[in-house]
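# An overview of the molecular structure
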Amino acid sequence: MPTVRDASFDLFRAQGMTTIFGNPGSTELPMLADLPGDFRYVMGLQEAVVVGMADGYAQASGRTAIANLHTAPGVGNAMGAIFNAQANHTPLLVTAGQQVRAQMTLQANLTNRDAIRMPHPLVKWAYEPPRAQDVPLALAHGAHLASLPPRGPVFVSIPMDDWGAEVDEADARAVIARQVGGRAVASPEAVSSLAERLDSAANPVLVAGPDIDPWETAVALAERQRLPVWATPAPGGGKLGFPEDHPNFRGVLPPAIGPVAQTLEEHDLIVVAGSSVFPYYPYIPGPLLPEGAELVAITSDPDEAARAPVGDAIVADVGLTLAALLDVVPESSRQPPSPNEGPQEIPPTDPLNSSTVHTALAEVFPEDGIVVLESPSSTLAFRNQLRLSRPGSYYFSAGGGLGFGLAASVGVQLAQPDRPVVCVIGEGSVQYAVTAFWSAVAHEAPVTFLVLRNDEYAILKWFAEVESLQGAPGLDLPELNVASVAEGYGVKAHRVADRDGVRDALAAAVASSQPELVEVPVAPGMSLF
Ligand SMILES: Cc1ncc(C[n+]2csc(CCOP(=O)(O)OP(=O)(O)O)c2C)c(N)n1
């Protein structure tokens, strides 16, 4: 009879989950010993990095990834990264080892005492099977649930003696053979009602969110209905839902209540696709919508639909619903939106500001490049200077928990080995996942790390100013020498302070086949353009 381990690895194979991200402990060794040759183990030195890498990998490969953690302390270390994965709608099967069943009740060392409750409320489902032979079905349950909309992390705790237990062969075969899919289409009535509202509106607008996939239908809809398009506010923009060099593209919505309504002032119908309404931060009060405007959101997440403070919502697969809308909506006779203005010119400064660094990156950024961004005070400047135009070319933590960027960039690179990945990151943000440098080297992920070093938590100083708060400690970061730390992990590092030098160093790092880091001193403060 096959063992739990045989059946579980066959299940992983059947689901295309042959890359396992992990950090091993004694409770995980029975799963990992003699890892079959068709599996790859991607090692993170700390569990937040394990889950961050798995998050990037799952997003960039489009498939559920496995993150294997070390019982309770491993799950504890990973919680911030699981929070991000939930916000990113990333399909993750998070597993953790557990004491042997015979020693769980007496709570021997490393027993995860309340394994199911621990990752709540950050996962869609958490489970510890009551019997060893239930493990394959529990893993299948978790893998399917993670990949069904809204996608997200799930958790299964597995006692370490379960792996060697025997399972019924026919039962295991039945579980492994199952395929479960779930892209639900909106009802024809909902689609035709939205088509009518759209076509009869005087000045409608589309807000594109990260869950638009593929974006060709959003492009076709915007063109046919002459819709200007805004990207959902940056805090929620895990991925791009619309090409930013398209003439209809206007820019990124500001992330606060009053400014969103102000920005969309001239519109009478706001169609939001693939985003919550809206990922606001900070709190700048005002009307939720411009006076007299209506809103319709299309989302695959029932919770996003239910919690929106305003407007109607259709809960369905965003790509399929946009395609259905496209089938029934006529060509509009409205004027096309005026052409999109390109990025703003940035006058040179000494030291460089982050916007200038982004202009240098834009000059050498390859056609098929991918950016993973975690540079809080220059997020908007980045989005303004690099108008990304290829699908799957941008990853950003929708949850806002630092530590995503560095780790995810390694996972994205492993999922997309033929596309150059550039991780644009603040020196403060690096610290939350700093060991990911080691994983990049160990797994030969040739990421280019562009580190913006302003010696401070610039975004927090800006928030303090906006909120009229003075005297907060801990906002300065003197002497945080990221290049030296990265060298300690085996990354080739360069320090460059002038614009042309930055451009050339980035071009060389992008072209190289190993991970390289370019550290640039930049002026303090926010960069908006
Ligand atoms: C896990 C976590 N801890 C703390 C924060 C709060 N936080 C948000 S931005 C920021 C500063 C990041 O510094 P840096 O990467 O240097 O970027 P800068 O603000 O200078 O652009 C901090 C500490 C957070 N978002 N996530």
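A brief look at the structure comes next. Bear in mind the structure is a predicted one, so any value in this text is a computation, not a measurement. (Residues numbered from 1 in each chain as written. Predicted model: local features only at pLDDT ≥ 70, side-chain atom pairs only at ≥ 80, totals over all residues. Heavy atoms only, no water.)

## Some thoughts on the sheet that holds strand β10 (residues 269-273)
Strand-to-strand pairing in sheets goes through backbone hydrogen bonds, with the strands running parallel or antiparallel. Here is the rule we go by: Strands are labelled as partners when DSSP assigns at least two bridges between them. We count a stretch as a helix when DSSP gives it H or I for four or more residues in a row; a strand needs E for two or more, and each element gets its number in order from the N terminus. Lines are fitted to the C-alpha atoms to define the axes, a helix being fitted only along its stretch in contact, and any angle between axes, read from their N-to-C directions, falls within 0 to 180 degrees. The contact definition used throughout considers only heavy atoms, calling two residues in contact when any of these lie within 4.5 Å.
Within the open sheet, the six strands sit side by side as β9-β8-β7-β10-β11-β12. Their pairing is parallel. Whereas interior strands pair on both sides, the edge strands pair on one side only; in this sheet they are β9 (249-252) and β12 (312-315). Between one strand and the next, the sheet's axes are offset by a mean angle of 20°, whatever the strand orientation. One ladder, built from three bridges, connects strand β7 (residues 204-208) with strand β8 (residues 229-231); its direction is parallel. Its bridge partner being in β8, L206 is matched across the sheet by V229. Across the sheet, helix α8 (residues 188-200) is in contact with β7, β10, β11 (294-299) and β12; its angle to β11 comes to roughly 140°. Along the sheet face, helix α12 (residues 318-328) touches β10 and β11 and points at about 125° away from the line of β11.

## Considerations on the site of the ligand
Rules: Each residue is tested against the molecule or strand, and it is near if at least one of its non-hydrogen atoms lies within 4 Å. Residues adjacent in sequence count toward polar contacts only when both atoms are side-chain atoms; beyond that, a polar contact is any pair of N or O atoms within 3.5 Å, and within protein one must be able to donate a hydrogen and the other to accept it. A 1.4 Å probe and the Shrake-Rupley method give the accessible areas. Residues count as covered only by the protein chains that appear here. In the scheme used here, Gly and all other residues not listed as nonpolar or charged are polar, with Ala, Val, Leu, Ile, Met, Phe, Trp, Tyr, Cys and Pro taken as nonpolar and Asp, Glu, Lys and Arg as charged.
In the neighbourhood of the ligand, 16 residues make up the surrounding shell, with S377, G428, S429, N454 and I459 lying closest. One nitrogen or oxygen atom from the side chain of S377 is found 2.5 Å from an oxygen atom belonging to the ligand. Note that a nitrogen atom of the ligand is positioned 3.0 Å from one of the backbone N or O atoms of L402. Computed on the free molecule, the ligand has an accessible area of 590 Å², of which 77% lies beneath the protein chains in the complex. Going through the elements one at a time, α16 (427-430) and α18 (458-466) are the ones with two or more residues in the shell around the ligand. Residues that form the shell around the ligand fall into these classes: seven nonpolar, seven polar and two charged.

## Things to note about the nonpolar core
What counts here: Remark: nonpolar core denotes a set of buried residues (Ala, Val, Leu, Ile, Met, Phe, Trp, Tyr, Cys) joined through side-chain atoms within 4.5 Å. Exposure categories follow from relative accessible area, calculated using a 1.4 Å probe and restricted to protein chains: below 20% of the type maximum is buried, above 50% is exposed, and the middle band is partly exposed.
If you look at the biggest cluster of nonpolar residues, it comprises 60 residues, and the most contacted ones within it are L322, L361, F382 and V424. F21, M53, V421 and V434 belong to the second-largest nonpolar core, a separate cluster that totals 56 residues.

## Considering the pattern of salt bridges
Opposite charge on two side chains permits them to pair, given that their charged atoms come into close proximity. Put simply, the test is: The working definition used for a salt bridge is a side-chain nitrogen of Lys or Arg within 4 Å of a carboxyl oxygen of Asp or Glu.
Under the defined criterion, the tally for this structure stands at 21 salt bridges. With its nearest N and O atoms 3.5 Å apart, the salt bridge here joins D455 to R453. For K461, the salt bridge is made with E456, and the minimal N-O distance between the two is 2.8 Å. The exposure class of K461 is partly exposed, given its relative accessible area of 28%. One salt-bridge network, in which partners are shared between bridges, spans E363, R499, D500, R503 and D504.

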